[in-house]
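# Overview (structure and organization)
Letter by letter, the chains look like this.
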Amino acid sequence: IEAMMLELATASVRHDNEFSRINATLDKISKQQAANTQQIEANTRQCALNQESIQTLTASIQELRNLVADYIEGRSQA
């Protein structure tokens, strides 16, 4: 009986240790997922800002193109 009790106690300790390792791994994964989610959100915000900057730059280029075209047209008529 003592040998069985010792075996059960040993198995219980191994079980507890394994669950501790599993919980530590799950906590680490959870923290990594949270960090990844934050990075994705930051990247999404940056993409939106980049898209806005591209639209502004495109409009500025179009405006410059129109000014150059008007200038060239004005010179040809003079």
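Up top you'll find the structure we're talking about.
The structure displayed is predicted, hence computed values, not measured ones. (Residues numbered from 1 in each chain as written. Predicted model: local features only at pLDDT ≥ 70, side-chain atom pairs only at ≥ 80, totals over all residues. Heavy atoms only, no water.)

### So, the overall build of the protein chain
For clarity, the cut-off: We count a stretch as a helix when DSSP gives it H or I for four or more residues in a row; a strand needs E for two or more, and each element gets its number in order from the N terminus. Two things to know: the radius of gyration comes from C-alpha atoms, and the globule rule equals 2.2 Å times the number of residues to the power 0.38. The rule is simple: take the accessible area with a 1.4 Å probe, protein chains only, and divide by the maximum for that residue type; under 20% is buried, over 50% is exposed, in between is partly exposed. All accessible-area figures derive from a Shrake-Rupley calculation using a 1.4 Å probe, and residue coverage is judged against the displayed protein chains alone.
Counting its regular elements, the protein chain contains 1 helix and 0 strands. Its C-alpha atoms give the protein chain a radius of gyration of 33 Å, clearly above 12 Å, the size a compact globule of 78 residues would have. Its C-alpha atoms put the protein chain at 115 × 15 × 5 Å along the principal axes. Classification of the 78 residues of the protein chain by burial places 0% in the buried group. In the form shown here, the protein chain has an accessible surface area of approximately 7,300 Å², with 59% of it arising from carbon and sulfur atoms.

### Describing the environment of L67
Position of L67 among the secondary structure elements: in helix α1 (residues 2-77). The class for L67 is exposed, based on a relative accessible area of 51%. With 41 residues separating them along the chain, L67 and L26 place their C-alpha atoms 61 Å apart.

### Regarding the pattern of salt bridges
As a reminder of what qualifies: We count a salt bridge whenever a side-chain nitrogen from Lys or Arg sits within 4 Å of a carboxyl oxygen from Asp or Glu.
All chains considered together, the criterion is met by 1 salt bridge. For R21, the salt bridge is made with E18, and the minimal N-O distance between the two is 2.7 Å. You can see R21 and its partner E18 sitting in helix α1, 3 residues apart, about one turn around the helix.

### Things to note about a nonpolar patch on the surface
Put simply, the rule reads: Only residues above 30% relative accessible area that lack a salt bridge enter a patch, with like-charged residues linked at up to 9 Å and the nonpolar side chains Val, Leu, Ile, Met, Phe, Trp and Tyr linked at up to 5 Å.
Side chains of L64, L67, V68, Y71 and I72 sit close together on the surface and give an oily, nonpolar patch of about 510 Å² of accessible area. Residue position: I72 is located in helix α1.

Just geometry here; none of it tells us what the structure is for.
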